[in-house]
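Chain by chain, the residues run as shown.
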Amino acid sequence: METLGTTLIETRELTKVYLRKKGSQVKAVNEVNLKVHRGEFLAIVGRSGSGKTTLLNLIGALDRPTSGTVMFEGKSLGDLSNRQLALLRRQKVGFVFQTFNLLPALTALENIEVALAPTRISSEERREKATTLLDIFELKDRADHLPLEISVGQRQKLAIARALASDPILILADEPTGEIDPITGKEIVTKLVELNRRHNVTLVVASHGTFPYNLAKRVVFLRDGKLVSQEEAGY
Amino acid sequence: MIGIVLEMYNYYAIKEIRRRKLRTAANTMGYIVAVAFMIIMLSLAHAYTLTTTDALRGIGTHFMVFIPATTQCPCEFLDVGPIIKEFYTETFNMNVVEEIKDLPGVEDAAPYLMVILGNLTIGGIDVDRLATKTTAVSPEEVVEGRYLEADDDDAVMIDEVFADLMKLDVDDTIDAFDYTFKVVGIVNPGIHSRPAGIAHMYAPIRVVQEMTWSYSAFNHLIGGDANAVLVEILPEGDVEYINTVKESVLETLEGHVGKKGSIVGYGCGTPARNVISLTEENAWAISLILVASVTLFALKSQLGSVVERTTEIGILKAIGWMDSDIMKQILIESVLQGFTGGLIGCCVGYVLTFLMPLLGLISAENLILTVTPLIIIAGLIAALIGAIVAGILPAWRAAKLQPAEALRRF
């Protein structure tokens, strides 16, 4: 059980600059200082191109910052090797992407199993855990279906199930309801909120408004890579 | 534990292979063609080498050593005595021959006793020995009748020219050296170059020895068992090696007799063997070039596969796959294709090697066709090395992809 209130993630002057082909620079994330507490449900809201996805990638150890630091459980991610970062993603972080990012060649069951594949658990245990998750997300009858053979809403459910496979302490969801119909979107929101409230999983959701961010315990706004007030963000 | 991990990599590698059927088929086919071609090329080159080496024994590196004494006949009334070419020679005992036979590089050594009486020469040969056949006279040179047998007592083979001159035929008898011999064969040793020269008659060395011991004219001239050693060198080594063997043979004979010896040699087998070994070496080179080409093709194909799967690799990294996991996955895909292609290629190559003569694609007359285990193993190893080489760069490239960068390409 995670202790509420303690800092899980802290960013300090976090900056990510992308170089464009023509030589100009784009500051996707600009000197962001942010704390995420254990068990918190944080919403990062901003318009398209405001730097939400980049910020999530940096927090989730998918990318390295140009400057500044990300502290995860008190350790600077900048000090970790690629191998240690992979291990952190495997054990502690679950990603939910707007475009689901499922592996098209694998069935629903295998898409969950693949997250457990590098861990040293037996194939039987992998299968059992994946089946349980499919059951939780009402996808058991779609176990042998490829992602393209299930509905868009089911794909997002599957993506969340995969994110939960390794029992992460942090879920990073990037526009989780952006591509799906409102009814399924509501189901997805309910599942994510339930995860946070019942299982105390820290939840960070990035949204440009499709996600009901008023459900979050805390909302921060992002514009041009900087944390701003709600008014400045135009919401 | 290793089993679990390997099972996992194999599982996803096979999934990926099955998903990209055309690419997999093209890569695997490349390995099949390359390995099959390699097996056929090497087997044919090897067969060619075996066959020609066997044939080349007839003109191979063989020579004769003897101790020349004088060019003047030791007998004032008659040309009589042990003779090699234009020299009257010393004789020596059989144990010298056995000693020479055991020298390194010597495949066979045989005694030779050639004597002259008047205008008639007779060569005493050890009929079953390889060195006799390559250096003096061989069964292939029998133009009529048969070759001598070891237990022939009163039988001789006679030279074809001498037979014509004397109007002799097979089964005729000839009186010489106080003996009456029956002609069992007519030979033409002049077909090949013969270091031992050509005698009018050939008989088993045992018979010639007995004849010289019992014939009074030879009594004081011949004290030993033979007056030359016929030597065949192992079919290997370069000219320098052959010269070393020749030297050691000569030194051994000189050491026993205590006089300076002489060599009459014939070494066209050496350059011929060099040419043949070139054929085999070229077959290896061509095969390896082909495998390298297939490897490059597979490398390009695997790189293409990695580029196509950039996002998927990004997803795998996002869910916790390490660089090494990605590398192993891509490498196993490549190795599985190479191994499958190599295995099928070996079978196809094996079958085609023996099928080609049947289909009339090559002339198999006298060809000693074999597919050696070494060639099969070489084919498999070449395919595996090719697959590893073809897989390493794409695997490394995939492993080094930054997950966020890879996902952005979606």
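You'll find the structure just up there.
The sections below set out a description of the structure shown in this document. Keep in mind it's a predicted model, so treat the numbers as computed, not measured. (Residues numbered from 1 in each chain as written. Chains lettered and ligands numbered in written order. Predicted model: local features only at pLDDT ≥ 70, side-chain atom pairs only at ≥ 80, totals over all residues. Heavy atoms only, no water.)

1. Overview of the sheet that holds strand β7 (residues 170-174) of chain A
Residues and elements named next belong to chain A.
Turning to step 1, where the next piece is worked out: Within the open sheet, the six strands sit side by side as β6-β7-β8-β3-β9-β10. Their pairing is mixed. Whereas interior strands pair on both sides, the edge strands pair on one side only; in this sheet they are β6 (93-96) and β10 (226-228). Taking the axes of each pair of neighbouring strands and ignoring which way they run, one obtains an average angle of 25° across the sheet.
Turning to step 2, where the next piece is worked out: As paired strands, strand β9 (residues 218-223) and β10 are joined by three bridges and run antiparallel to one another. (Pairing = 2+ DSSP bridges. Helix = DSSP H or I, 4+ residues; strand = E, 2+ residues; numbered from the N terminus. Axes fitted to C-alpha atoms, helices over the stretch in contact; angles between N-to-C directions.)

2. Re the pairing of strand β5 (residues 106-117) of chain B
Residues and elements named next belong to chain B.
Turning to step 1, where the next piece is worked out: The buried fraction of β5 is high, at eleven of twelve residues.
Turning to step 2, where the next piece is worked out: By the bridge criterion, three bridges tie strand β3 (residues 80-84) to β5 in an arrangement that is antiparallel. Looking at β5, one finds that P82 is bridged to V115.
Turning to step 3, where the next piece is worked out: Pairing of β5 with strand β12 (residues 228-233) involves six bridges; the strand directions are antiparallel. Bridge assignment links D108 to a residue of β12, and that residue is E232.
Turning to step 4, where the next piece is worked out: When β5 meets strand β6 (residues 120-125), the two strands line up antiparallel, connected through six bridges. Bridge pairing in β6 links V115 to I122.
Turning to step 5, where the next piece is worked out: If you look at the hairpin formed by β5 and β6, you'll find two residues sitting between the two strands, and G118 has a positive phi there, around 70°. (Buried < 20%, exposed > 50% of the residue type's maximum accessible area, 1.4 Å probe, protein only.)

3. A closer look at the packing of helix α5 (residues 152-164) of chain A against helix α6 (residues 182-199) of chain A
A pair of packed helices is captured by two measures, namely the crossing angle of their axes and the spacing between those axes.
Residue and element names in this part refer to chain A.
Turning to step 1, where the next piece is worked out: Put simply, α5 and α6 touch, their axes get as near as 9 Å, and they point 15° apart. Accordingly, the angle class assigned to the pair α5 and α6 is roughly parallel. Crossing of α5 over α6 shows right-handed handedness. Of the residues in α6, those touching α5 at G153, Q156, K157, I160 and L164 are T184, E187, I188, L192 and L195. (Parallel < 35°, antiparallel > 145°, perpendicular 65-115°, else oblique. Left-handed = near helix turned anticlockwise from the far one by under 90°. Contact = heavy atoms within 4.5 Å.)

4. What to know about helix α11 (residues 373-400) of chain B
Turning to step 1, where the next piece is worked out: Over its 28 residues, α11 of chain B extends 40 Å from the first C-alpha to the last, a length consistent with the 40 Å expected when each residue adds 1.5 Å.
Turning to step 2, where the next piece is worked out: A bend of about 30° at I392 of chain B is the largest found in α11 of chain B, and the proline P394 of chain B appears one to four places after it. (Expected span 1.5 Å × (residues − 1). Bend = angle between axes of the 7 residues up to and from the residue.)

5. Topic: the nonpolar core
Turning to step 1, where the next piece is worked out: By size, the foremost hydrophobic cluster in this structure holds 92 residues, and its most contacted members are L55, F72, L170 and L192 of chain A.
Turning to step 2, where the next piece is worked out: Ignoring anything within four residues of it in the chain, the contact list for F72 of chain A reads L8, I9, I59, L77, L88, K92, V93, I169 and L170 of chain A.
Turning to step 3, where the next piece is worked out: With 45 residues, the next largest nonpolar core counts L117, A163, M211 and L253 of chain B among its residues. (Core = buried A, V, L, I, M, F, W, Y, C linked by side-chain atoms within 4.5 Å.)

6. Section: the pattern of salt bridges
Turning to step 1, where the next piece is worked out: Scanning the model with the defined rule gives 30 salt bridges over all chains in all.
Turning to step 2, where the next piece is worked out: Salt-bridge contacts for K92 of chain A lead to E73 of chain A; the nearest nitrogen and oxygen are separated by 2.5 Å. Of the two residues, K92 of chain A sits in helix α2 (residues 82-92) while E73 of chain A sits in the loop between β4 (67-72) and β5 (75-76), which places them 19 residues apart along the sequence.
Turning to step 3, where the next piece is worked out: Using a relative accessible area of 26% as the deciding quantity, one classes K92 of chain A as partly exposed.
Turning to step 4, where the next piece is worked out: Ionic pairing is found between E308 of chain B and R23 of chain B, a salt bridge with its closest N-O pair at 2.5 Å. Placement of E308 of chain B in helix α8 (residues 269-308) and of R23 of chain B in helix α2 (residues 21-56) is noted, with a sequence separation of 285 residues between them.
Turning to step 5, where the next piece is worked out: When its relative accessible area of 49% is taken as the criterion, E308 of chain B is described as partly exposed.
Turning to step 6, where the next piece is worked out: A single network of salt bridges, built from pairs that share partners, joins E16, R19, R20, R23, E308, R309, E312 and E333 of chain B. (Salt bridge = Lys/Arg side-chain N within 4 Å of Asp/Glu carboxyl O.)

7. Focus: the pairing of strand β8 (residues 202-207) of chain A
Residues and elements named next belong to chain A.
Turning to step 1, where the next piece is worked out: Counting buried positions along β8 gives six out of six residues, so the element sits mostly inside the fold.
Turning to step 2, where the next piece is worked out: Across the two faces of β8 the burial is the same, with T202, V204 and A206 and L203, V205 and S207 all buried.
Turning to step 3, where the next piece is worked out: Across five bridges, strand β3 (residues 41-46) lies against β8 in parallel orientation. Looking across to β8, one finds that A43 is bridged to V205.
Turning to step 4, where the next piece is worked out: Direction of pairing for β7 relative to β8: parallel, over a ladder of five bridges. Bridging from a neighbouring strand, A173 pairs with V205 of β8.
Turning to step 5, where the next piece is worked out: In this fold, β7 hands off to α6, which returns the chain to β8; that crossover is right-handed. (Right-handed = clockwise from strand over helix to strand, strands pointing away.)

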